[in-house]
Amino acid sequence: KKWPVSVRDEQESFETIIHPANRSEEPKTLMVPKFWMEKPLIDFESGDVLMRRSVSLKSGSLNSSTGENKSETRTIFVMIASYRDWQCRHTVESIFNTATFPERVRVGVVDQIDNKVDDSCDEPIAPCKDDPDQALCKFASQIDVYEMDAILAVGPVFARHLGYRLYRGEYYAMQVDAHVSFVKNWDVDIIDQIDATGNDMAVLSTYLTDVAGSIDEETGKSLRHTRPIMCNTDYEGGGQGKHLRHLSQPEAIPHIKNSPQLQPYWAAGFSFARGHFLVNVPYDLYLPNIFQGEETSIGIRGFTYGYDFYAPEKSVVFHMYANGVNAQKRNKVPKFWEHQNLYRGLGVAAMNRLNGIIHMNPSNVEVSSWNHEEESRYGLGKARKPEKFFDTFGIHVKQQTTEQRLCQFVDSGRMHRQFTQHLRPDGMGINYDEVNYKFVTPN
C-alpha cells in the first residue's frame, strides 16, 4: 500500500459527527475523518472472544517495497492531542529528529487552538526556505494535523477520540502528550522492548519521568536508569462523583531485566502497542469534560479485550512538567477548562456513562439513567470480564475502596513472574482463566 498515507487525501469522505457537549436543538457538528476500521478486529458474530493470531499477523503496514516484515520496516503512528501548546511543534521535531528510521514514522495531531494567537502544530518553527532540514519541512507528508477551534475543546477524551480517527493501519501506535522529548534511536529501542515481551497484546504504558536532567545534551541518550511503573490507584471524590484515579507512581531500577514489566494499569501520557489496540479500544465519543477517569476507562476496556499492560524497562521519552526549571514555561500554557462555563455540568453524566460501561457505577446510579449510545462500539470486549480485574487487583466497587500497597506486589516483579507463566503459547495475551490470584493488603 501507499506510504506515507494521509487523511488529507480523504477529505471528501469525512463524516459528520455531533459535538459531544451538544445541548441545543440545532446541534454543533464537525466534519472528521472516519475510523480506519469501523469495528473491532475480532469476529464476535462467529463466537470469537479474542483476536486471532492470524488477524494480528496481517494487521500493520510496512515501509517496504517488498513487503518484508522487519523491525526497521514496521511503521509507527504517533498520536498527539494538543491544547494551545506552543511546545507541540517542538515535540514533532523531536519525534522525527531522534528516530533511527524517521521515514517509517507518521504523526497525527489533534490541534485545539485559537488560530488568531496560536501557532499550528504543523507550522515550521522557521520558514522552510531558511531551514529546510526541519522535520516539519522534510517530513511534512508524514504529519497530519486535525485543527479544531479551542472553544470546542471538552477535555482529553474527545481530543484523543479524534486522534484515534487519524490512525491509518500502522504496525505500531504510540500516544504521547504535546510537550515531550524523545531520546536518540527511540523507535528501535521501544520496538525491541515490546518484542521482548513475546506478547502481541502487550501495551507499554507509564507516567513519564520529568525531562529535567534526563537526556544527555550531547548524545541524545537517556541519563536515567530508573523507570516508573503503574501500580498505585485509589478512589477519590469530586464534583463528578467518586471514581478510581491513578496516583503518583513509584520509580526505581527495574526488578525484571531484559523485558518490560507487567503492571495492572494503563497511562494516557505514554502508550505504545500494536496498532490494533487503537482499533479495538477507541476513545469514547460520548465523554465530554472527563479528565480524571479516562485511564481507568481505556485500561479496563483494554483488559476485557485481552490486552496486557507493561512498564517499559527503559524510558524513551520524557515529559516537561510545570515545576522546577520548566515551571514558568509550562504554566503559561492555557488549559481546556478556560471555556468550561459553556459546558458546565456535563461531566457528571459523562462519568456515569464511563463507570457504567466498565461496571464501576455505585448502586444508586440506575442503569437506565446513563447514555448507552454506541455502547457496543465504545464498550467492553469478551476476552475477560471487568470483575476479574477488580478481584485480581483488590478493587471493591460496591464499597468504592481498594486494597492498599499493591505496588509491593507489582514493582517487586512478583506479578510479572507469576502472571507471565500464563501467557498463551501463540503470544495472544495472558490467559486470566488460569490466574487465581487475588490481591489483599499485606500485613
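Residues numbered from 1 in each chain as written. Predicted model: local features only at pLDDT ≥ 70, side-chain atom pairs only at ≥ 80, totals over all residues. Heavy atoms only, no water.

Visitor: Where do I start with helix 2 (residues 88-98) in this structure?
Guide: Two residues of an α-helix separated by three or four positions point the same way, owing to the 3.6 residues in each turn. When you tally the buried positions in helix 2, you get nine out of 11 residues, the bulk of the element. Among the residues of helix 2, Cys88, Arg89, Thr91, Val92, Glu93, Ser94, Ile95, Phe96 and Thr98 are the ones counted as buried. Elements that come into contact with the buried residues of helix 2 comprise strand 3 (76-83), strand 4 (105-113), helix 3 (135-138), strand 5 (143-149), strand 7 (180-182) and helix 5 (186-196). (Buried < 20%, exposed > 50% of the residue type's maximum accessible area, 1.4 Å probe, protein only. Helix = DSSP H or I, 4+ residues; strand = E, 2+ residues; numbered from the N terminus. Contact = heavy atoms within 4.5 Å.)

Visitor: For this particular structure, what's the right way to read the nonpolar core?
Guide: A general tendency of soluble globular proteins is for nonpolar side chains to be buried together. Counting 124 residues, the largest nonpolar core has Trp186, Phe270, Phe272 and Phe277 as its most contacted members. Ranked by residue count, the leading element in this core is strand 3, at six residues. When neighbours within four sequence positions are excluded, phenylalanine 277 is seen to be in contact with Tyr164, Val203, Trp266, Ser271, Ile298, Gly302, Tyr307 and Phe309. (Core = buried A, V, L, I, M, F, W, Y, C linked by side-chain atoms within 4.5 Å.)

Visitor: What am I meant to see in the environment of alanine 81 here?
Guide: Tracing the sequence through the fold places alanine 81 in strand 3. Alanine 81 sits 94 residues away from glutamine 175 along the chain, and the two C-alpha atoms are 8.6 Å apart. Residues within four places of alanine 81 in sequence aside, it is in contact with Val110, Ala159, Arg160, Val176 and Ala178.

Visitor: Whenever I open this one, the sheet that holds strand 15 (residues 308-311) confuses me. Can you help?
Guide: Each strand in a sheet pairs with its neighbour through backbone hydrogen bonds, running either in the same direction (parallel) or in the opposite one (antiparallel). The eight strands lie next to each other as 5-4-3-6-14-8-15-13, forming an open sheet whose pairing is mixed. One side of each edge strand has no neighbouring strand; the edge strands of this open sheet are strand 5 and strand 13 (261-263). Pairs of neighbouring strands in the sheet enclose a mean axial angle of 25°, with direction left out of account. (Pairing = 2+ DSSP bridges. Axes fitted to C-alpha atoms, helices over the stretch in contact; angles between N-to-C directions.)

Visitor: Quick question: what am I supposed to make of the packing of helix 7 (residues 294-304) against helix 10 (residues 386-393) here?
Guide: When two helices pack together, their arrangement is given by the angle between their axes and by how far apart the axes lie. The contact between helix 7 and helix 10 brings their axes to 8 Å, and the two run at 110°. Comparing their axes, helix 10 and helix 7 come out roughly perpendicular. Across the interface between the two elements, Ile300, Phe303 and Thr304 from helix 7 touch Pro386, Lys388, Phe389 and Phe390 from helix 10. Here the contact of helix 7 with helix 10 is composed, by residue class, of five nonpolar, one polar and one charged. (Parallel < 35°, antiparallel > 145°, perpendicular 65-115°, else oblique. Nonpolar A, V, L, I, M, F, W, Y, C, P; charged D, E, K, R; others polar.)

Visitor: Is there a simple way to think about the state of the cysteines in this case?
Guide: A covalent bond between the sulfur atoms of two cysteines is what we call a disulfide. Scanning the model with the defined rule gives three disulfides in all. Covalently, cysteine 88 is tied to cysteine 121 through a disulfide, its sulfur atoms 2.0 Å apart. With the S-S dihedral at roughly -85°, the linkage between cysteine 88 and cysteine 121 falls on the left-handed side. With a gap of 33 residues between them, cysteine 88 in helix 2 and cysteine 121 in the loop between strand 4 and helix 3 connect regions that are remote in the sequence. The same class applies to cysteine 88 as to cysteine 121, namely buried. A sulfur-sulfur distance of 2.0 Å marks the disulfide that ties cysteine 128 to cysteine 137. When the S-S torsion is -90°, as for the bridge of cysteine 128 with cysteine 137, the disulfide is left-handed. If one numbers only the bonded cysteines of the protein chain, in the order they occur, the disulfide pattern is 1-2, 3-4, 5-6. (Disulfide = S-S within 2.5 Å.)

Visitor: Honestly, the pairing of strand 14 (residues 270-274) in this entry has me stumped. Any pointers?
Guide: For a regular strand, the rule is simple: side chains alternate between the two faces of the sheet. Counting buried positions over the five residues of strand 14 gives five, a clear majority of the element. With five bridges joining them, strand 6 (residues 172-176) and strand 14 adopt antiparallel strand pairing. Each bridged residue has a counterpart across the sheet, and for alanine 173 the counterpart in strand 14 is alanine 273. As paired strands, strand 8 (residues 202-205) and strand 14 are joined by three bridges and run antiparallel to one another. Counted as the bridge partner of serine 205 is serine 271 from strand 14.

Visitor: Quick question: what am I supposed to make of unusual backbone geometry here?
Guide: Generally, phi is negative for residues other than glycine and the peptide bonds are trans, each holding for most cases. Although it is not a glycine, glutamine 400 adopts a positive phi angle of roughly 55°. With respect to the helices, strands and loops of the structure, glutamine 400 is situated in the loop between strand 17 (395-396) and strand 18 (401-402). Residue classification places glutamine 400 among the buried residues on the basis of a relative accessible area of 15%. Positive phi, normally seen in glycine, also occurs at arginine 405, with a value near 65°. Along the chain, arginine 405 turns up in the loop between strand 18 and helix 11 (407-410). Here arginine 405 falls in the partly exposed class, since its relative accessible area comes to 43%.

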